[in-house]
Amino acid sequence: MSDNSIYTLLDQAGPFATGTHSPDLRSFSKMARVFAAGVSAAEMATKYRIVRNQLFEFLDVRSFAEIATLIDNPVRRQEVNRRAYRLLGNMFGIEGSEREVVIRVNGYSRTADGVINYLKAKVLANYASYIEMTNEIDSCKSPVDLLLILFDDRYHKKARFEARRKLILMALAGSIDQRERETEVEAKFGQFLDFLNDYVWSKKAKIGELDIVYLLSNHDPQTYACTKVEVVGREEARALKRTPNQKLTLLKRRRFQANGHELPIYVSVRKKQPETKVLKLLRKGEENPSVAVDDELGLMGVVDTVADVKIFQKHLTRSATRAGSLMTLEEVTDTLSGDVYKSSSIGSSAKTQMFKFFARMGGMRVEFIVHTNRSYLNYIYQRDVSHDEYEVKRIFDSGVASLLFPEDIYEIDIAEKKDDLVRWFRKRIEEF
């Protein structure tokens, strides 16, 4: 995390930390002198000046003292709110009426809340009561109102920290929304689905028609890696009596035609949601989504064998040609044959097996991850490899958990809970 990044404003160990009381807005107060000394010692004077100037422009004030009068003046506050929405609309390139701009910017508020609610409902669900958001911050959408809360001593320290956090997450959400509009992600996602239906999947089935099967698998009791897997039908699955360390996993499969044969494939196609993009920016310590988020469109497929993986990759390339576009493969990683998985992603395991590449075609760049039945089961169940464990590790190992939920605000050392959460997810994965 760069000392000049937006995330330094959230760091409770830095000079911009939220204190027990709101900032003293008098120029030469003791609090102001202590703050100035802290900024200077951390070599963040330039960062402070930039933030201060932006704050003054945004609130249409010329000094901190004017902020206090703005807090208690509802008429002036409404004027500043309208002006702020207009400025934000122009900054993020939002077209439309004043109401449309307000709706779009308020959508960034929902994304910011969504980031916290996503973590609270999934990775940090066991500690949801600790990290619950203050009601007043949860319901506040206006960037101006959130900013003024930072300077209003009527609000508790936790509420003021959450207002600051929400503003930063809203800024990231705005950058992501701007990039999505510039790169036309929604339209490209539709084009990608059309390409799959028109050229990749078998014409013998209707669009959306799926065959339901089950993977019956045995797992090593020490590592929970898959040692044996077979495909069974619905009737056979209902009659099975599983033993310990056996799993029954449902797949809904499509089909593609290659070399005159119909081959089954389970497919999950996704467009990364804004909340997960914000989290990815946080994990990478980046503010620019064009740098950090390179997998906006993606497909994960599961086929029976390694040979089928190669057949599907060749089928994709030929399908793109039939659609009138060359397909080139970038950043290819193949660890299905036992090679070590090398990834810069925080929390990832070297034991991960997959065939992964980015396909550039039709004006799109799509991430493809193709598994065999065995590697897919390891992706779900194997110790140190499973996706649920990966989600926990990357949130903690990247420092995002501590950044968003600092101990002095939430009365819990969230960083110490990583191993407990991994064990909890493992128990849930392995339960018979």
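Structure: above.
What you see is a predicted model; the values in this text were computed from it and never measured.

Colleague: Can you explain the pairing of strand β7 (residues 355-361)? Please cite residues and give values.
Modeller: On a regular strand, one side chain projects to one face of the sheet and the next to the other, so that they alternate. The buried fraction of β7 is high, at 6 of 7 residues. The sheet contact formed by strand β6 (residues 328-334) and β7 spans 5 bridges and is antiparallel. Within the sheet, the bridge partner assigned to L329 lies in β7 and is A359. Note: β7 against strand β8 (residues 364-372), 7 bridges, orientation antiparallel. Looking across to β8, one finds that A359 is bridged to V366. Hairpin connection, β7 to β8: the antiparallel pair is bridged by 2 residues, and G362 has positive phi, about 55 degrees.

Colleague: Could you give me a rundown of the pattern of salt bridges, with the residues and numbers involved?
Modeller: For the coordinates displayed, the defined rule picks out 33 salt bridges. The residue K166 makes a salt bridge to D113 at a minimum N-O spacing of 3.2 Å. Taken together, the residues K166 in helix α9 (residues 157-183) and D113 in helix α5 (residues 98-121) connect sequence positions 53 residues apart. Here K166 and D113 have matching classes, each one buried. Where K310 meets D334, a salt bridge forms, and the shortest distance between an N and an O atom there is 2.6 Å. Of this pair, K310 sits in helix α14 (residues 306-322) while D334 sits in strand β6, and the two are 24 residues apart along the sequence. Exposure remark for K310: the relative accessible area of 36% places this residue in the partly exposed category.

Colleague: Residues and numbers for the packing of helix α10 (residues 185-200) against α14, please.
Modeller: Closest axis-to-axis distance for the α10/α14 pair is 10 Å, and the angle between their directions is 100 degrees. One element, α10, and the other, α14, form an angle in the roughly perpendicular class. Where α10 abuts α14, its residues F195, Y199 and V200 lie against F312, H315, L316, S319, A320 and R322. For the contact of α10 with α14, the residue count by class is 6 nonpolar, 2 polar and 1 charged.

Conventions and cut-offs
Residues numbered from 1 in each chain as written. Predicted model: local features only at pLDDT ≥ 70, side-chain atom pairs only at ≥ 80, totals over all residues. Heavy atoms only, no water. Buried < 20%, exposed > 50% of the residue type's maximum accessible area, 1.4 Å probe, protein only. Helix = DSSP H or I, 4+ residues; strand = E, 2+ residues; numbered from the N terminus. Pairing = 2+ DSSP bridges. Salt bridge = Lys/Arg side-chain N within 4 Å of Asp/Glu carboxyl O. Axes fitted to C-alpha atoms, helices over the stretch in contact; angles between N-to-C directions. Parallel < 35°, antiparallel > 145°, perpendicular 65-115°, else oblique. Contact = heavy atoms within 4.5 Å. Nonpolar A, V, L, I, M, F, W, Y, C, P; charged D, E, K, R; others polar.

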